[in-house]
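Spelled out from the first residue to the last, the chains are:
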Amino acid sequence: MTFDIPDYLVDNTRAVEGIALTPYALWKASGLSRKTVNDITGGKLIRMDFSTLGAVITGLEALTHKRVEPNGVLEVVRGAQ
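Residues numbered from 1 in each chain as written. Predicted model: local features only at pLDDT ≥ 70, side-chain atom pairs only at ≥ 80, totals over all residues. Heavy atoms only, no water.

**Q** Sorry if this is basic, but what is going on with the packing of helix 1 (residues 23–30) against helix 3 (residues 50–64) here?
**A** Packed helices, taken two at a time, are described by their axes: the angle between them and the distance between them. Following both chains from N to C, one finds helix 1 and helix 3 inclined at 110 degrees, their axes separated by 8 Å at the closest point. Considering the angle they form, helix 1 stands roughly perpendicular to helix 3. For the pair formed by helix 1 and helix 3, the contact residues are Ala25, Leu26, Ala29 and Ser30 on the first element and Ala55, Val56, Gly59, Leu60, Ala62 and Leu63 on the second. Split by residue class, the contact of helix 1 with helix 3 holds eight nonpolar, two polar and no charged. (Axes fitted to C-alpha atoms, helices over the stretch in contact; angles between N-to-C directions. Helix = DSSP H or I, 4+ residues; strand = E, 2+ residues; numbered from the N terminus. Parallel < 35°, antiparallel > 145°, perpendicular 65-115°, else oblique. Contact = heavy atoms within 4.5 Å. Nonpolar A, V, L, I, M, F, W, Y, C, P; charged D, E, K, R; others polar.)

Shown next as structure tokens:
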């Protein structure tokens, strides 16, 4: 499984209701480490756990003021090692 954050961070600068959804904004809103957020947004995250998923969802909800579901940020990648 991998995170599918680009739906929220289009070219890393999509604005939703006047809020720029950047990796920096997600880092500040989620409480995750900057490296973890950069790995997630860059598609380089090797492993994730429920606490990371929860922090991403909490951060995205804080930024968008909308409910975010796990299936909105996770994607199953078949055949990946």
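**Q** Please explain helix 3 as it appears in this structure.
**A** Turn by turn, an α-helix covers 3.6 residues, leaving residues three or four places apart pointing in a common direction. Counted at 1.5 Å a residue, the expected span for helix 3 with its 15 residues is 21 Å, and the 21 Å between its end C-alpha atoms agrees. When helix 3 is considered as a whole, its buried residues turn out to be Thr52, Leu53, Ala55, Val56, Ile57, Gly59, Leu60, Leu63 and Thr64. (Expected span 1.5 Å × (residues − 1). Buried < 20%, exposed > 50% of the residue type's maximum accessible area, 1.4 Å probe, protein only.)

**Q** What is the right way to look at unusual backbone geometry in this model?
**A** Peptide bonds are, in most cases, trans, and in most cases residues other than glycine have a negative phi. With a phi close to 60 degrees, His65 is a non-glycine residue in the positive phi region. With respect to the element layout, His65 can be found in the loop between helix 3 and strand 4 (74–75).

**Q** Sorry, what's going on with the packing of aromatic side chains here?
**A** Any aromatic ring pair is given by two values, namely how distant the centres are and how the planes are angled relative to each other. Going through the model one piece at a time under the given rule, you end up with one aromatic pair. Over the ring of Trp27 we find Lys28; its NZ or CZ atom is 5.0 Å from the centre of that ring. Across the ring face of Trp27, the terminal group of Arg34 is positioned such that the distance to the ring centre comes to 4.6 Å. (Phe/Tyr/Trp six-rings, centres within 6.5 Å; stacked < 30°, edge-to-face > 60°. Lys NZ or Arg CZ within 6 Å of the ring centre and 35° of its normal.)

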